[in-house]
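As a plain string of letters, each chain reads:
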Amino acid sequence: MAHRPKRTFRPRRADSSDSDGAQETFAEPGATGEQAARDPAVEGPPSGRGHAEVAELLRRGRGRRRGRAWASSRHAARAAPRLDESSDVPESRMVDLSADEEDGAHHSSESKDDQSSSPNSSRTLEDEFSSVVNIPDAAVMQATYRKCKLARAQEDYISLDVKHTFTNSGMKKNSEDSESEPDDFKDIMPFTPKPQTLRQRMAEETTTRNEETSDDSQDEKTQDIWEQQQMRKAVKITKIISIQEIESAMHALLLKQAMIFMKRRQDELKHESAYLQQLSYKPETSINKSLAMDEKTQWILEEAESRRARRRQARVLSGNCTHEEGTSSDDELSSADMIDFQKSQGDILQDHKKIFEDVHSDFCNIQNILLKFRQWREKFPDSYYEAFISLCIPKLLNPLIRFQLIDWNPLKFDSIGLKQMPWFTSIEEFIDCSMEDSKKEDSSDKKILSTVINKTVIPRLIGFVEFIWDPLSTTQTTSLVTQCRMILEEHSTCENEVNKGKQDLLKSIVSRMKKAIEDDVFIPLYPKSAVENRTSPHSKFQERQFWSGLKLFGNILLWNELLPEDTLQELGLGKLLNRYLIIALLNAIPGPDVVKKCSQIAAYLPEKWFQNSAMRTSIPQLENFIQFLLQSARKLSRNEIRDEVKEIILILVKIKALNQAESFIEECHLDHLRSVIKEFE
């Protein structure tokens, strides 16, 4: 009987859900006759054989059992048992021994018969199988596993380019078996959308975020919201509401006091002016209305006169005999009003002390807070400057500085200066320590003080200027000028911010002075017959109002070098001197009193305006004043009042009206006064 050609067996790979992914499938080494009959690769009975032989082969093959087993990488780690000649392959270690489709068509029926009947066929197939399939031992498998694990561990990131392919178990074939698969399995449509990779999700999220914040107009609003959120983390929003309430209470108290003085001055001005008008023209009015008005006016005028008498007596006791009526601030309170004011102020200050009474000093003391930042700056300078602490400190200290400024009144002559305040000295020390580091010469910490002044002090000053400051008060104006001069001149390192704060402050000052000129300056004009008598009520009222206006003129010019020259000249010279004071002087009787008033006007003028040595003509805004001086000098010269004429020449020389003074000397033949001009040239 002819032997069947040798069959080769190759390993077949099969998918598995096992995580190790190292499963293998092998062909069964002992195919029986029944298997051969069932194998679709085996054709019909070979030629030359009868049906009896085929039946015999089938009978013998039924006793043999076709087996199929799957071997995994975990089981393969164990040693494979040796195939015995007299026994079948163990079920746990059996492999698929189905015939190869490519070689099955070439097998003859004779070889099948001989193989199935030969007792040595199993041994022969085992030997052939062992020579083809090389199963690694446990040591090799463990070494391979450790090598793969080490390779994965060396990667410190997950690649974004990983492609996840989802296939059903059993569908995955290698390139060798792909040709044997049916066409239906080549193109498998997924039933769910393919999941996005990490890069795709990041790109989608970034695109959405950019679309939401694409509007540039929202940047500033977003920055403000972020700053407010950060401030809420550092400061309790309630260490702020209490401070605001006390600030508002103190501001309201001072505003009430300022309104009392302003209303009283305006009421006195209105009633006294109306009373003097009645005396001048004696209008016909009903008796009842006249009496009612007289009673109210009488009471107001008596109160005003009593206050003037008390001030006059106080000046006599102090030895001040050069005072002019009308230059007093008239800011005395009645006894009842003073008691009420002091009580309200005491209550506010008592509440002021309770704000931080239960707070540790490390969180409410500016010096302790800055010490923490200083330690951070010294130990970790890089992180300190990268965190932009210089921008955070002014916002953090804002409520604490406002707490110290609650009792600060820049309008009081004995008010403490900013330089003497604890918060000011603490910030200066913090900045000085920062400047000692040579590596940080351009440190932004030096701008902290300027930022604090701009964000905290200047807004408070603006509130005083707009609502509480009385420009007619020389004491208040002098104190305010001192505080503003220190703020605006000595601490302007942060130019952009300070310039903005400076402009806001100066605008409020100019606006308040304009309002004072419009509301508080009133110089009445009466007939000469009414003012010739210096003791008449008309003359006294006119004198008080002129000196009050002249006092405001001097207070305005105290802002020299803080306000621009053109602004100052417009306010002081254009709106006040030329519109009110000169008109009153033109209606006055020439004499020593007029020269005294003119000398006081010239004394208020800033010397800086006339420092140009080549200047021989004064500034244009003083032209009306110069013409009045020349007119008065001519009248006095005709009356041979030589001392007052010389005084007028000195005034002309001081304001650099040299050409006009020389012309007047030549015109009046006052050659002895030429030496006065030469002294100032």
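Structural data are supplied above this passage.
Calculation criteria
Residues numbered from 1 in each chain as written. Predicted model: local features only at pLDDT ≥ 70, side-chain atom pairs only at ≥ 80, totals over all residues. Heavy atoms only, no water. Salt bridge = Lys/Arg side-chain N within 4 Å of Asp/Glu carboxyl O. Helix = DSSP H or I, 4+ residues; strand = E, 2+ residues; numbered from the N terminus. Buried < 20%, exposed > 50% of the residue type's maximum accessible area, 1.4 Å probe, protein only. Axes fitted to C-alpha atoms, helices over the stretch in contact; angles between N-to-C directions. Parallel < 35°, antiparallel > 145°, perpendicular 65-115°, else oblique. Left-handed = near helix turned anticlockwise from the far one by under 90°. Contact = heavy atoms within 4.5 Å. Nonpolar A, V, L, I, M, F, W, Y, C, P; charged D, E, K, R; others polar. Polar contact = N/O pair within 3.5 Å; in protein donor to acceptor, adjacent residues only side chain to side chain.

Engineer: Can you lay out the pattern of salt bridges for me, pointing to particular residues and giving the numbers?
Structural biologist: A full pass over the atoms with the stated rule returns 28 salt bridges. We note a salt bridge from E272 to R544, for which the minimum N-O separation is 2.5 Å. Taken together, the residues E272 in helix α10 (residues 241–281) and R544 in helix α22 (residues 537–557) connect sequence positions 272 residues apart. Assigned by exposure class, E272 and R544 land together as buried. Among the salt bridges present, the one from D347 reaches K343, with a minimum N-O distance of 3.4 Å. Here D347 pairs with K343, and both are found in helix α12 (residues 335–353), just four residues apart, close to one helical turn.

Engineer: Kindly report on the packing of helix α24 (residues 592–604) against helix α26 (residues 642–654), identifying the contributing residues and their values.
Structural biologist: Geometrically, a packed helix pair is captured by the angle between its two axes and the distance between the axes. Across the interface, α24 lies against α26 with an axial gap of 10 Å and an inter-helix angle of 20 degrees. As judged from the angle between their axes, α24 and α26 are roughly parallel. α26 is crossed by α24, and the crossing has left-handed handedness. Contact residues: α24 offers P592, V595, C598, S599, A602 and A603, while α26 offers E644, E647, I648, I651 and K654. In terms of residue class, the contact of α24 with α26 is built from seven nonpolar, one polar and three charged.

Engineer: Run through unusual backbone geometry, naming residues and quoting values.
Structural biologist: The backbone of D330 sits at a positive phi, close to 55 degrees, despite the residue not being glycine. Within the fold, D330 resides in the loop between α11 (287–318) and α12. Judged by its relative accessible area of 18%, D330 is buried. For H669, which is not glycine, the phi dihedral falls at a positive 55 degrees. Inspection of the secondary structure assignment puts H669 in the loop between α27 (658–668) and α28 (674–680).

Engineer: Can you lay out the environment of T451 for me, pointing to particular residues and giving the numbers?
Structural biologist: With respect to the helices, strands and loops of the structure, T451 is situated in helix α18 (residues 448–467). C-alpha of T451 to C-alpha of I393: the two residues are 58 residues apart in sequence and 9.5 Å apart in space. Here the side chain of T451 touches K447 through a polar contact of 2.8 Å, landing on its backbone oxygen.

Engineer: A description of the packing of α22 against helix α23 (residues 565–586) should follow, citing residues and the corresponding values.
Structural biologist: Contact pair α22 / α23: the axes reach a minimum separation of 10 Å and the direction vectors enclose 165 degrees. The orientation of α22 with respect to α23, classified from their angle, is roughly antiparallel. For α22 against α23, the interelement crossing comes out left-handed. Of the residues in α23, those touching α22 at F546, G549, L550, L552, F553, I556 and L557 are L568, L571, G572, L573, L576, L577, L581, A584 and L585. Per-class residue counts for the contact of α22 with α23 are 14 nonpolar, two polar and no charged.

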